[in-house]
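Single-letter residue listing:
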Amino acid sequence: MSLLELDDLSVTYRIASGEVPAVRGVSLSLDPGAALGVAGESGSGKSSLAMALLRLLPKSTRVGGRILLDGEDILAMKWGRMRAVRWAEASIVFQGAQHGLNPVRRIGEQIAEPLLVHGLAKPDGARKRVAELLEQVGLPAWRARSYPHELSGGQRQRVMIAMALACSPRLIIADEPTTALDVMVQAQVLTLIKELIAEHGISLIMISHDLSVLADVCDQLAVMYAGRVVEHGPSREVFHDARHPYSRALAAAFPTVGDPVSRLAPKGLGGDPPDPMQLPAGCSFHPRCPVAVEECAGLDVELWPAGPRHAAACVHVRTKEEVETS
Ligand SMILES: Nc1ncnc2c1ncn2[C@@H]1O[C@H](COP(=O)(O)OP(=O)(O)OP(=O)(O)O)[C@@H](O)[C@H]1O
Ligand code: SF4
Ligand SMILES: [Mg+2]
């Protein structure tokens, strides 16, 4: 059985001027111990998807579809159960470590908190576990006494990873865990994540705009555009042989790992991502697509099979498959 299954997941924010459909019908699954990368430009809905998984979105947000964690429906859980699941079964490393740490509390107290809250350790045991966790993420035990501002960006990100590991969850969701870091530190943190998930058999959902980073860490990739998954499949195939023109543009924008310009618009791709409140009809990508054909502007796109466990939402994939099967 899959550890995590998303079925037609949607996230709609409600704001004064109307509704913002940030995630639109995403279906994905994650096997135990597997790593799934979610890529896409700024605003494509990656963080909204991640926050929905642990019900961390603002109250007014409408979340539709189903999220099954080990067969249990997250969206139907009572709050008590939901709180028990956070940290202990699934934890999240937020985008930008500065938002995830309390500036006026020592690192050690913050790592120990989920252990104490979930009753997994008494204060003495928690102190020992904190030292162990710091060591696992490559920091000396005395760092437990430091405040967040006394650490570098890379060290803070390591602390966030230690917090995520504290209660030995089965799933970690890492939202741009390395984007704010310089290239060398980014590589070190990525290696750390890779080693930790392999060693502890943890499943991972990692989010980034950088397809090369994801392809390095994850077995499966999903590419999001305007709130939808437009391609998913084995990492190597999606990165080296993308079937959707948007994934191809993302793949071509790297391997300049961490290039901040690529975050805004992949090189070689004109135009801006669409405003979710004014999505183009047909394939949402058609105004920017270098290989669009006439029917794209009115096309009802869906994810068509592009190989074993590989699918892409492009008319050219559908056409090719139709030719191959006829
Ligand atoms: N709290 C909110 N209220 C209203 N709209 C929101 C809210 N949070 C996000 N959005 C909108 O939802 C869409 C998706 O945003 P999201 O943060 O999920 O994108 P992202 O892919 O994580 O982008 P980035 O790469 O910049 O982190 C965007 O259009 C964004 O403006
Ligand atoms: S369906 Fe058309 S517009 Fe959309 S990605 Fe394919 S070719 Fe481009
Ligand atoms: Mg984000």
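Residues numbered from 1 in each chain as written. Chains lettered and ligands numbered in written order. Predicted model: local features only at pLDDT ≥ 70, side-chain atom pairs only at ≥ 80, totals over all residues.

Focus on the overall build of the protein chain
Right, so step 1: Helices and strands together make up the secondary structure of the protein chain, namely 12 helices and 12 strands.
Right, so step 2: Relative to the 2.2 N^0.38 estimate, which gives 20 Å for 326 residues, the radius of gyration of the protein chain is 20 Å and therefore close to what a compact globule would have.
Right, so step 3: Its C-alpha atoms give the protein chain principal-axis dimensions of roughly 65 × 45 × 40 Å.
Right, so step 4: Counting the 326 residues in the protein chain, one finds 45% classified as buried. (Helix = DSSP H or I, 4+ residues; strand = E, 2+ residues; numbered from the N terminus. Rg over C-alpha atoms; globule rule 2.2 N^0.38 Å. Buried ≥ 20, exposed ≤ 12 C-beta atoms within 10 Å, placed from the backbone.)

Section: the nonpolar core
Right, so step 1: The biggest cluster of nonpolar side chains holds 95 residues, and the ones touching the most others in it are Ala162 and Val223.
Right, so step 2: Looking at this core, you find at least three residues from each of domain 1 (4–89 + 169–325) and domain 2 (102–168).
Right, so step 3: Non-local contacts of alanine 162, meaning those with residues more than four positions away in its chain, are made with Ile111, Leu133, Leu134, Gln136 and Val137. (Core = buried A, V, L, I, M, F, W, Y, C linked by C-beta atoms within 7 Å. Domains from an automatic or database assignment. Contact = placed C-beta atoms within 7 Å.)

Focus on the site of ligand 1
Right, so step 1: Close contacts around ligand 1 come from 16 residues, with Tyr13, Ala22, Ser42, Ser47 and Ser48 the closest.
Right, so step 2: Those elements that provide at least two residues to the shell around ligand 1 are β1 (4–15), β2 (18–30) and α1 (46–53).
Right, so step 3: For the shell around ligand 1, the element with the highest residue contribution is α1, accounting for three residues.
Right, so step 4: Across the shell around ligand 1, the residue classes break down as six nonpolar, nine polar and one charged. (Near = placed C-beta within 6 Å. Nonpolar A, V, L, I, M, F, W, Y, C, P; charged D, E, K, R; others polar.)

Let's talk about the sheet that holds β2
Strands pair in a sheet through their backbones, by hydrogen bonds, and they do so in one of two ways: parallel or antiparallel.
Right, so step 1: Here four strands make up an open sheet; going across it, the order is β2-β1-β4-β5 and the pairing antiparallel. Of all strands in the sheet, those with a lone pairing partner are β2 and β5 (72–73), marking the two edges.
Right, so step 2: Here β1 runs beside strand β4 (residues 62–69); their pairing, made up of seven bridges, is antiparallel. Bridging across to β4, threonine 12 finds its partner in arginine 62. (Pairing = 2+ DSSP bridges.)

Brief notes about the packing of helix α4 (residues 107–117) against helix α5 (residues 123–136)
Right, so step 1: At a closest axis distance of 9 Å, the pairing of α4 and α5 adopts a crossing angle of 120°. Taken as axis vectors, α4 and α5 run oblique relative to one another. In the packing of α4 onto α5, the handedness of the crossing is right-handed. The residues of α5 that touch α4, namely those facing Gly108, Ile111, Ala112, Leu115 and Leu116, are Ala126, Arg129, Val130 and Leu133.
Right, so step 2: Taken together, the residues of the contact of α4 with α5 sort by class into seven nonpolar, one polar and one charged. (Axes fitted to C-alpha atoms, helices over the stretch in contact; angles between N-to-C directions. Parallel < 35°, antiparallel > 145°, perpendicular 65-115°, else oblique. Left-handed = near helix turned anticlockwise from the far one by under 90°.)

Description of helix α6 (residues 153–165)
Right, so step 1: Taking 1.5 Å as the rise per residue, α6 with 13 residues should run 18 Å; its terminal C-alpha atoms sit 19 Å apart, in good agreement.
Right, so step 2: Burial of α6 is extensive: 12 of the 13 residues sit out of reach of the surface.
Right, so step 3: Of the positions making up α6, those classed as buried are Gly154, Gln155, Arg156, Gln157, Arg158, Val159, Met160, Ile161, Ala162, Met163, Ala164 and Leu165. (Expected span 1.5 Å × (residues − 1).)

Quick look at the environment of leucine 115
Right, so step 1: Mapped onto the secondary structure, leucine 115 falls in helix α4.
Right, so step 2: Among the residues examined, leucine 115 registers 24 C-beta atoms within 10 Å and is labelled buried.
Right, so step 3: Between the C-alpha atoms of leucine 115 and glycine 125, which are 10 residues apart in sequence, the distance is 9.4 Å.
Right, so step 4: Not counting chain neighbours up to four residues away, the residues in contact with leucine 115 comprise Leu120, Ala121, Ala126, Arg129, Ala166 and Cys167.

Topic: the domain arrangement of the protein chain
Right, so step 1: Split by domain assignment, the protein chain resolves into domain 1 (4–89 + 169–325) and domain 2 (102–168).
Right, so step 2: Relative placement of domain 1 and domain 2: their C-alpha centres are 29 Å apart.
Right, so step 3: Facing 14 residues of domain 1, the contacting portion of domain 2 comprises 15 residues.
Right, so step 4: The dominant element in the side of domain 1 that touches domain 2, judged by the number of residues it contributes, is helix α7 (residues 183–200), at six residues.

A word on the packing of α6 against α7
Right, so step 1: Put simply, α6 and α7 touch, their axes get as near as 10 Å, and they point 15° apart. Put simply, α6 runs roughly parallel to α7. Considering only the axes of α6 and α7, their crossing is right-handed. Side by side, α6 and α7 meet where Gly153, Gly154, Gln157, Arg158, Ile161 and Leu165 of the first sit next to Val185, Gln188, Val189, Leu192, Ile193 and Leu196 of the second.
Right, so step 2: Classifying every residue of the contact of α6 with α7 by side-chain character gives seven nonpolar, four polar and one charged.

Here we look at unusual backbone geometry
Right, so step 1: Unusually for a residue other than glycine, aspartate 8 sits at a positive phi of about 55°.
Right, so step 2: Backbone geometry at tryptophan 87 places phi at a positive 75°, although glycine is not the residue there.
Right, so step 3: Tracing the backbone through its elements, the reader meets tryptophan 87 in the loop between α2 (79–85) and β6 (90–93).
Right, so step 4: Under the C-beta neighbour-count criterion, tryptophan 87 is labelled buried, with 23 such atoms within 10 Å.

A word on the pairing of strand β10 (residues 228–234)
Right, so step 1: Among the seven residues that make up β10, six are buried, leaving the element largely enclosed by the rest of the structure.
Right, so step 2: Judged from the six bridges that link them, strand β9 (residues 220–225) and β10 form a sheet pairing that is antiparallel. Bridge pairing in β10 links leucine 221 to glycine 233.
Right, so step 3: Where β9 folds back onto β10 in an antiparallel hairpin, the turn is made up of two residues, including alanine 226, whose phi is positive at roughly 50°.
Right, so step 4: Bridge count for β10 against strand β12 (residues 310–312) is two bridges, and the pairing is antiparallel. Looking at the pairing, glutamate 231 lines up with alanine 312 of β12.

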